[in-house]
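Descriptive analysis of the structure
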Amino acid sequence: MAAFARGSAGRVSVGFIGTATYDVLPRLTRMVRTELPDIDLRVRGELLSPQLLDGLATGEYDLALVRPQPGSEPGSARGLHHLLARSPDAPSIVLETLRTEHLLAVLPVNHPLAHTDPVDLAALGGETFITHPSGDRSTMHHLVLDACARAGFRPPVLEVSETATLAVSVAAGLGVALAPEPVRSLGLDGVTYRLLRQPETVDLMLAHRESENSPGVATVAALVRAAAHAT
């Protein structure tokens, strides 16, 4: 019982949006194994923010790494609130900005701009963009289209459900993409990553239930913060 009270034992479930799956998830897993061997850590990656917030509300996840919605101010949780209003009984969710990430152009290695750094997004105006699903189920879909609109075009899109599939689709020559910079961690052959001349960014946020009082969840949340800032 003392270990549970200290937050060094118990079961904690953490869900991750796409690119956080590639860098934060493995770092967190290693940290927990080393520092909290009696914590039963359950992780699931490659999810969309609305799925993760639904999972927090139902208790499927204790912690979730999510994205803000388009239109919310940098570092603000305001844009996610409408996703939590599906039920009057839904618990209040606390959101904390962990870091701000640059979007990268994800290009096939044989693309004419593959060796251009930075890339002018407007120069990709004739391309098909590989994106996450449309509708309210993906933050990144809207962020990408908003960035393209600011660059002066609206691209045709090919929708895929996971970030890894997005990068594989680019490698297959089906189009180009924009993705947060941790996508580099995939180490995928056939693609190259280039900064944008006009920078576009997106926040990574940690979400948990306001009513959460488990010491184990608090202890793992501290390691999530450390994992998000590790280099």
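Numbering of residues starts from 1 in every chain and runs along the sequence as written. Selection of residues for local features in this predicted model requires a pLDDT of at least 70, selection of side-chain atom pairs for listing and counting requires 80 or more, and totals for whole chains, interfaces and linings are taken over all residues. By convention in this description, side-chain values take in all heavy atoms of the structure and omit both hydrogens and water.

With that settled, the discussion passes to the overall build of the protein. Secondary structure elements follow DSSP: runs of H or I no shorter than four residues count as helices, runs of E no shorter than two count as strands, and numbering proceeds from the N terminus. What the protein contains, in helices and strands, is six helices and nine strands. Exposed residues in this analysis have more than 50% of their type's maximum accessible area, buried residues have under 20%, and partly exposed residues fall in between, with area computed by a 1.4 Å probe over protein chains only. Taken across its 231 residues, the protein has 51% of its residues classed as buried. Contact definition: two residues touch when any of their heavy atoms are within 4.5 Å. The long-range fraction of contacts in the protein, counting pairs at least 24 apart against all pairs at least 6 apart in sequence, stands at 79%.

As a further point, take the packing of helix α2 (residues 20-35) against helix α6 (residues 215-229). Angles here are taken between N-to-C directions and fall from 0 to 180 degrees, while the axes themselves are lines fitted to C-alpha atoms, restricted in helices to the stretch in contact. With their axes 9 Å apart at the nearest point, α2 and α6 run at an angle of 130 degrees to one another. Comparing their axes, α6 and α2 come out oblique. Two packed elements cross with a definite hand, and for α2 against α6 that hand is right-handed. Judged by residue contacts, Val-24, Arg-27, Leu-28, Met-31, Val-32 and Glu-35 of α2 engage Val-220, Leu-223, Val-224, Ala-226, Ala-227 and Ala-228 from α6. Side-chain classes follow a simple rule in which Ala, Val, Leu, Ile, Met, Phe, Trp, Tyr, Cys and Pro form the nonpolar group, Asp, Glu, Lys and Arg form the charged group, and the remainder, Gly included, forms the polar group. Considering only residue class, the contact of α2 with α6 consists of ten nonpolar, no polar and two charged. Just so you know how the angles are binned, under 35 degrees is roughly parallel, over 145 roughly antiparallel, 65 to 115 roughly perpendicular, and the rest oblique. Helix crossings fall into two classes, left-handed where the near helix is turned counterclockwise from the far one by less than a right angle and right-handed where it is turned clockwise.

Glancing now at helix α3 (residues 49-58). For α3, the set of buried residues is Ser-49, Pro-50, Leu-52, Leu-53, Gly-55 and Leu-56. Remark: Gly-59 follows α3 within two positions and exhibits a positive phi of approximately 90 degrees.

The next subject is the pairing of strand β8 (residues 191-195). Of all five residues that make up β8, four are buried, and the element is covered over most of its length. Here, any two strands with at least 2 DSSP bridges between them count as paired. By the bridge criterion, five bridges tie strand β4 (residues 93-108) to β8 in an arrangement that is antiparallel. Paired with Leu-104 across the bridge in β8 is Leu-195.

So, about the environment of Gly-173. Tracing the chain through its elements places Gly-173 in the loop between α5 (163-171) and β7 (177-180). Here Gly-173 falls in the exposed class, since its relative accessible area comes to 51%.

Glancing now at the pattern of salt bridges. Put simply, a salt bridge is a Lys or Arg side-chain nitrogen that is within 4 Å of an Asp or Glu carboxyl oxygen. Overall, the coordinates contain eleven salt bridges when judged by the stated rule. For the salt bridge of Asp-23 with Arg-27, the shortest nitrogen-to-oxygen distance reads 3.9 Å. With Asp-23 and Arg-27 both in helix α2 and four residues apart, this pair spans about one turn of that helix. In this structure, Glu-101 engages Arg-99 in a salt bridge whose closest nitrogen and oxygen atoms are separated by 2.6 Å.

This next bit is on unusual backbone geometry. Residues Asp-117 and Pro-118 are joined by a peptide bond in cis, for which omega reads 5 degrees. As for its position among the elements, Pro-118 is in the loop between β4 and β5 (129-131). Located in the positive-phi region is Glu-46, a residue other than glycine, with phi close to 60 degrees. Summarising the element assignment, Glu-46 is placed in strand β2 (residues 39-47). Residue classification places Glu-46 among the buried positions, given a relative accessible area of 15%.

What follows deals with α6. In this analysis, the expected span of each helix is defined as 1.5 Å times one less than the number of residues it contains. Counted at 1.5 Å a residue, the expected span for α6 with its 15 residues is 21 Å, and the 22 Å between its end C-alpha atoms agrees. Burial in α6 covers these residues: Gly-216, Val-217, Val-220, Ala-221, Leu-223, Val-224, Ala-227 and Ala-228. Across the axial projection of α6, the buried residues extend over an arc of 165 degrees, all falling on one side. In this fold, the buried residues of α6 make contact with β1 (10-17), α2, β2, β3 (63-66), β4 and β9 (201-209). Between N or O atoms, a polar contact is any pair within 3.5 Å; within protein, one atom must be a potential hydrogen donor and the other a potential acceptor, and residues adjacent in sequence are included only when both atoms are from side chains. Put simply, Ser-214 is the residue that caps the front of α6, since its side-chain oxygen is 3.2 Å from the backbone nitrogen of Gly-216. Each direction from the helix axis to a C-beta atom contributes to the arc, which is the arc of those directions.

Checked against the element boundaries, Arg-209 lands in strand β9. Side chain to side chain, Arg-209 and Glu-212 meet in a polar contact 2.9 Å long. Leave out the neighbours within four places in its chain, and Arg-209 touches Leu-56, Gly-59, Tyr-61, Asp-62, Pro-91, Ser-92 and Ile-93.

The definition of a nonpolar core used throughout is a set of buried Ala, Val, Leu, Ile, Met, Phe, Trp, Tyr and Cys residues joined through side-chain atoms within 4.5 Å. If you look at the biggest cluster of nonpolar residues, it comprises 36 residues, and the most contacted ones within it are Val-14, Leu-28, Leu-63, Leu-65 and Val-220. Sorting the residues of this core by element identifies β1, α2, β2, α3, β3, β4, β9 and α6 as the ones contributing at least two each. Examining the composition of this core, we find that seven residues originate from one element, α6, more than from any other. Sequence-distant contacts of Val-220, that is, excluding residues within four places in its chain, are made with Val-12, Val-14, Leu-28, Leu-36, Ile-39, Leu-41 and Leu-63. Formed by 18 residues, the second largest nonpolar core is a distinct cluster that contains Ala-105, Leu-107, Leu-113 and Val-176.

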